[in-house]
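Residue-level structure breakdown
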Amino acid sequence: MKPYTNFLKPLDLGFTTLKNRVVMGSMHTGLEEAEDDPYGRMAAFFRARAEGGVGLIVTGGIAPNWEGKVWPGAAKMTTRAEAAKYKPVTDAVHQAGGKIMMQILHSGRYAYSPLAVAPSSI
């Protein structure tokens with residue numbers, strides 16, 4: 001028996017199908033907060049991974065609110081306008097045949113922000 005015979009086969013998740021079982025785990029690239037064309041740079045970065053064969057890409061952590069940001073300049077997605085800025089990124093991955101999902105990251109007590117909210121002050 002060959003090991004990993006299903007690794008490059010499609011995976012039906014019920015609501016979507018991945019072209020294979022290759023998953024790129026979440027990592028912070030620094031592109032989310034880049035000052036020069038962050039969304040264009042992210043689109044190119046993630047598109048290249050999808051073109052290389054990754055079936056599912058998980059983005060770096062994006063805060064769900066101001067209090068959840070890792071630091072004051074960190075990425076967040078709390079409005080439709082902020083969500084629309086990521087559309088070129090998702091479109092680029094989809095055009096390359098991949099799927100992408102956002103990691104929602106509330107940093108809690110690990111934040112470097114004066115707005116941080118956590119379950120305790122430890």
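Residues numbered from 1 in each chain as written. Predicted model: local features only at pLDDT ≥ 70, side-chain atom pairs only at ≥ 80, totals over all residues. Heavy atoms only, no water.

Brief notes about the pattern of salt bridges
Filter applied, for reference: By convention in these notes, a salt bridge is any Lys or Arg side-chain nitrogen within 4 Å of a carboxyl oxygen on Asp or Glu. Think of it in three bands: residues with accessible area under 20% of the maximum for their type are buried, residues over 50% are exposed, and the middle band is partly exposed, with areas taken using a 1.4 Å probe on protein chains only.
Scanning the entire structure with this criterion turns up 3 salt bridges. With its nearest N and O atoms 2.9 Å apart, the salt bridge here joins D36 to R41. Exposure remark for R41: the relative accessible area of 36% places this residue in the partly exposed category.

A word on the packing of aromatic side chains
Just so we agree on the cut-off: Classification of ring pairs rests on two measures: the distance between centres of Phe, Tyr or Trp rings, Trp counted by its six-membered ring, which must be within 6.5 Å, and the angle between planes, read as stacked under 30 degrees, edge-to-face over 60 and tilted in between. Put simply, DSSP marks the helices as runs of H or I at least four residues long and the strands as runs of E at least two long, and each gets a number from the N terminus on. Sitting over a ring, as applied to charges here, requires NZ of Lys or CZ of Arg to be within 6 Å of the ring centre and within 35 degrees of the ring normal.
Considering all chains together, one arrives at 2 aromatic pairs under this definition. Judged by centre distance (5.1 Å) and plane angle (80 degrees), the rings of Y39 and Y86 are edge-to-face. Taken together, the residues Y39 in helix α1 (residues 38-51) and Y86 in the loop between α2 (80-85) and α3 (87-95) connect sequence positions 47 residues apart. Judged by relative accessible area, Y86 falls into the buried class, the value being 11%. Where F45 meets F46, the ring centres are 5.2 Å apart and the plane angle is 75 degrees; that geometry is what we call edge-to-face. When its relative accessible area of 1% is taken as the criterion, F46 is described as buried. Cation over ring: R49 sits above F45, and NZ or CZ is 3.8 Å from the ring centre.

A short note on unusual backbone geometry
The phi angle at Y4 is positive, at roughly 60 degrees, despite the residue not being glycine. Here Y4 shows up in the segment before β1 (11-12). One non-glycine residue, D37, lies in the positive phi region at around 55 degrees. Looking at the secondary structure, you find D37 in the loop between β3 (23-24) and α1.

Side note on empty space enclosed by the protein
Defined as follows: Both site types are read off a 1 Å grid over the protein atoms alone. A 1.4 Å probe that fits but cannot get out defines a cavity, while an open set with protein on both sides within 12 Å along at least five of seven lines defines a pocket; lining residues have an atom within 4 Å of a point. Grid points are joined across faces, edges and corners, and a volume is the space filled by probe spheres set on the points. The nonpolar class holds Ala, Val, Leu, Ile, Met, Phe, Trp, Tyr, Cys and Pro. Asp, Glu, Lys and Arg form the charged class, and all remaining residues, Gly among them, are polar.
Summed over the entire model, instances satisfying the criterion amount to 1 cavity of 30 Å³ or more. Here the largest cavity defines a volume of roughly 30 Å³. Taken together, E32, M42, F46, T59, G60, I62, Y86 and V89 make up the full set of residues lining the largest cavity. Listing elements by their share of the lining of the largest cavity, those giving two or more residues are α1 and β4 (56-62). Sort the elements by how many residues they give to the lining of the largest cavity and β4 lands first, with 3 residues. Among the residues making up the lining of the largest cavity, the classes are represented as 5 nonpolar, 2 polar and 1 charged.

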